[in-house]
Amino acid sequence: MSNELRVVNDTSGPVVVRANLENSVWYGSSLITFLASAEMTGGRYALQRMHLTKGFAPPAAHRHGPEDFYILSGEIRFWAGKDEFVARAGDFVRTIPGGWHTLQAETDDAEALIIFSPAGMERFFQSLARPAESLELPGGRVGPPDAELMRQIAPRFNLEFGPPGKTAAEMTDTE
């Protein structure tokens, strides 16, 4: 069986996707594997596996459509509106669609499945990432790619970042 990503728009047969260098990228100090894309699901959802370096966090609180996380290992701290909590292996987290949120990896082994519905947000990550050279975490700084570039392209993906240094709890729906 091939390890290549099979892109389909129908239900004529099963699809098996494995992590490989063709469907994995280094996004800042994290490793992302794209398991299901918009093309594979008819745009209904996208699924990615993200392995995070301890301390990894987006550059600011952000909001967009729903984003669901299933924590596979480690611990990830979430800030969603005025709520703050740590999710651990086996926990499921759903952010409020359009609600301000952010996260930070609390442990070196933090790994999560992330579902975007509808699909499309996976393209944001693809546009900022570099091809993975291995299926290991990359060396380098902790954090996402260039924050200014992220802010510039975010509107193309219906994504909005809050001002730097402002927490999700400090943001309101009118900002």
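No experiment lies behind these values; they were computed from the predicted model shown. (Residues numbered from 1 in each chain as written. Predicted model: local features only at pLDDT ≥ 70, side-chain atom pairs only at ≥ 80, totals over all residues. Heavy atoms only, no water.)

Enquirer: An account of the confidence of the model for the protein chain is needed here, citing residue identities and associated values.
Expert: Averaged over all residues, the pLDDT of the protein chain is 87; the fraction at 70 or higher stands at 89%. Across residues 1-8, where pLDDT falls below 50, the model places 21 contacts with residues more than four positions away in sequence or in other chains. (pLDDT = per-residue confidence, 0-100. Contact = heavy atoms within 4.5 Å.)

Enquirer: Requested: an account of the pattern of salt bridges, with residues and values cited.
Expert: According to the stated counting rule, one finds seven salt bridges in the structure shown. Close ionic contact of E39 with R123 constitutes a salt bridge, the shortest N to O distance being 2.5 Å. Linking E39 in helix α1 (residues 38-41) with R123 in helix α2 (residues 121-128), this pair joins segments that are 84 residues apart in sequence. Looking at E39, the relative accessible area reads 36%, which means it is partly exposed. (Salt bridge = Lys/Arg side-chain N within 4 Å of Asp/Glu carboxyl O. Helix = DSSP H or I, 4+ residues; strand = E, 2+ residues; numbered from the N terminus. Buried < 20%, exposed > 50% of the residue type's maximum accessible area, 1.4 Å probe, protein only.)

Enquirer: Describe the packing of aromatic side chains, with residues and values.
Expert: Tallied over the entire structure, the rule returns eight aromatic pairs. Geometrically, the ring pair formed by Y27 and F56 is tilted, given 6.1 Å between the ring centres and 55° between the ring planes. Placement of the pair is Y27 in strand β1 (residues 24-27) and F56 in the loop between β3 (46-52) and β4 (62-63), with a sequence separation of 29 residues. A centroid spacing of 6.3 Å and a plane angle of 40° characterise the contact between F124 and F161, whose relative ring orientation is tilted. Note that F124 is positioned in helix α2 and F161 in strand β12 (residues 160-161), a separation of 37 residues in sequence. For the pair formed by F124 and F161, the shared burial category is buried. A network of ring pairs unites the aromatic residues Y27, F56, F116, F124, F125, F157 and F161 as a single cluster. (Phe/Tyr/Trp six-rings, centres within 6.5 Å; stacked < 30°, edge-to-face > 60°.)

Enquirer: Give a detailed account of a nonpolar patch on the surface, specifying residues and quantitative values.
Expert: A cluster of nonpolar side chains, namely Y70, L72 and F92, defines an oily patch on the protein surface of about 280 Å² accessible area. In this structure, Y70 sits in strand β5 (residues 67-73). (Patch = residues over 30% accessible without salt bridge, like charges linked within 9 Å, V, L, I, M, F, W, Y side chains within 5 Å. Areas by Shrake-Rupley, 256 points an atom, 1.4 Å probe, with all protein chains shown as cover.)

Enquirer: Describe the environment of E160, listing the residues and the values that go with them.
Expert: Locating E160 in the fold gives a position in strand β12. With 97 residues separating them in the primary sequence, E160 and R63 have C-alpha atoms 5.5 Å apart. Reaching out from E160, the side chain makes a polar contact with the side chain of R63 at a distance of 2.9 Å. (Polar contact = N/O pair within 3.5 Å; in protein donor to acceptor, adjacent residues only side chain to side chain.)

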